[in-house]
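Coordinate inspection notes
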Amino acid sequence: MHEMSLIESVLETIRRHAPASARVLSVKLEAGALLGVDPQAMQWAWQAATVDGFCHGARLDLTLLPWSLTCDSCGRVWTDPDPYSPCPCGGAALPRGTAEMRLVSFEIDD
């Protein structure tokens, strides 16, 4: 499950940037479509990784970024969480997404 390694990376980033005495209350993340993140697995990994320490009890808000689709017949461009979403014209769609995860923000109580 790669969600655990993603969460560990996020925690390390927060640890580097949060004041030493701070307790993290919430974390907001965005995950690109190519990461293939399972939201339930991400929440489970968050709970397991934060059972003790400076993020214990913090809330994880995860936004999954949609696929960008381009129809190969009519050129229509749209976004959709489903990479196989058909174009209304009947043409095949070429999916594109990012493999990035972004730490949008974290809220602390120091």
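One structure accompanies this document, and this report is about it. (Residues numbered from 1 in each chain as written. Predicted model: local features only at pLDDT ≥ 70, side-chain atom pairs only at ≥ 80, totals over all residues. Heavy atoms only, no water.)

1. With respect to the overall build of the chain
In terms of helices and strands, the chain carries two helices and six strands. Helices and strands in the chain line up, N terminus first, as α-β-α-β-β-β-β-β. In summary, the chain has a C-alpha radius of gyration of 17 Å against a globular reference of 13 Å for 110 residues, an excess of more than 25%. When its C-alpha atoms are laid out on the principal axes, the chain stretches across 55 × 25 × 15 Å. Long-range pairs, those at least 24 residues apart, make up 68% of the contacts in the chain between residues at least 6 apart in sequence. Within the structure as shown, the chain displays about 6600 Å² of accessible surface, and the carbon and sulfur contribution to it stands at 52%. Averaging the positions of the 8 positive and the 14 negative side-chain charges in the chain gives two centres separated by 5 Å. (Helix = DSSP H or I, 4+ residues; strand = E, 2+ residues; numbered from the N terminus. Rg over C-alpha atoms; globule rule 2.2 N^0.38 Å. Contact = heavy atoms within 4.5 Å. Areas by Shrake-Rupley, 256 points an atom, 1.4 Å probe, with all protein chains shown as cover. Lys, Arg positive; Asp, Glu negative; His and termini not counted. Charge placed at Lys NZ, Arg CZ, Asp CG, Glu CD.)

2. A short note on the sheet that holds strand S4 (residues 77-80)
If you walk across this open sheet you meet the three strands as S4-S3-S5, and the pairing is antiparallel. Sheet topology places S4 and strand S5 (93-96) at the edges, where each strand pairs with a single neighbour. Neighbour-to-neighbour, the strand axes of this sheet turn through a mean angle of 30°, independent of strand direction. The pairing of strand S3 (residues 67-71) with S5 spans four bridges and is classified as antiparallel. Along S5, the bridge assignment pairs Ser 68 with Arg 96. (Pairing = 2+ DSSP bridges. Axes fitted to C-alpha atoms, helices over the stretch in contact; angles between N-to-C directions.)

3. Re the side chain of Ser 85
Tracing the sequence through the fold places Ser 85 in the loop between S4 and S5. There is a polar contact of 3.3 Å between the side chain of Ser 85 and the side chain of Asp 80. If sequence neighbours within four positions are ignored, Ser 85 has contacts with Leu 69, Trp 78, Asp 80 and Ala 93. (Polar contact = N/O pair within 3.5 Å; in protein donor to acceptor, adjacent residues only side chain to side chain.)

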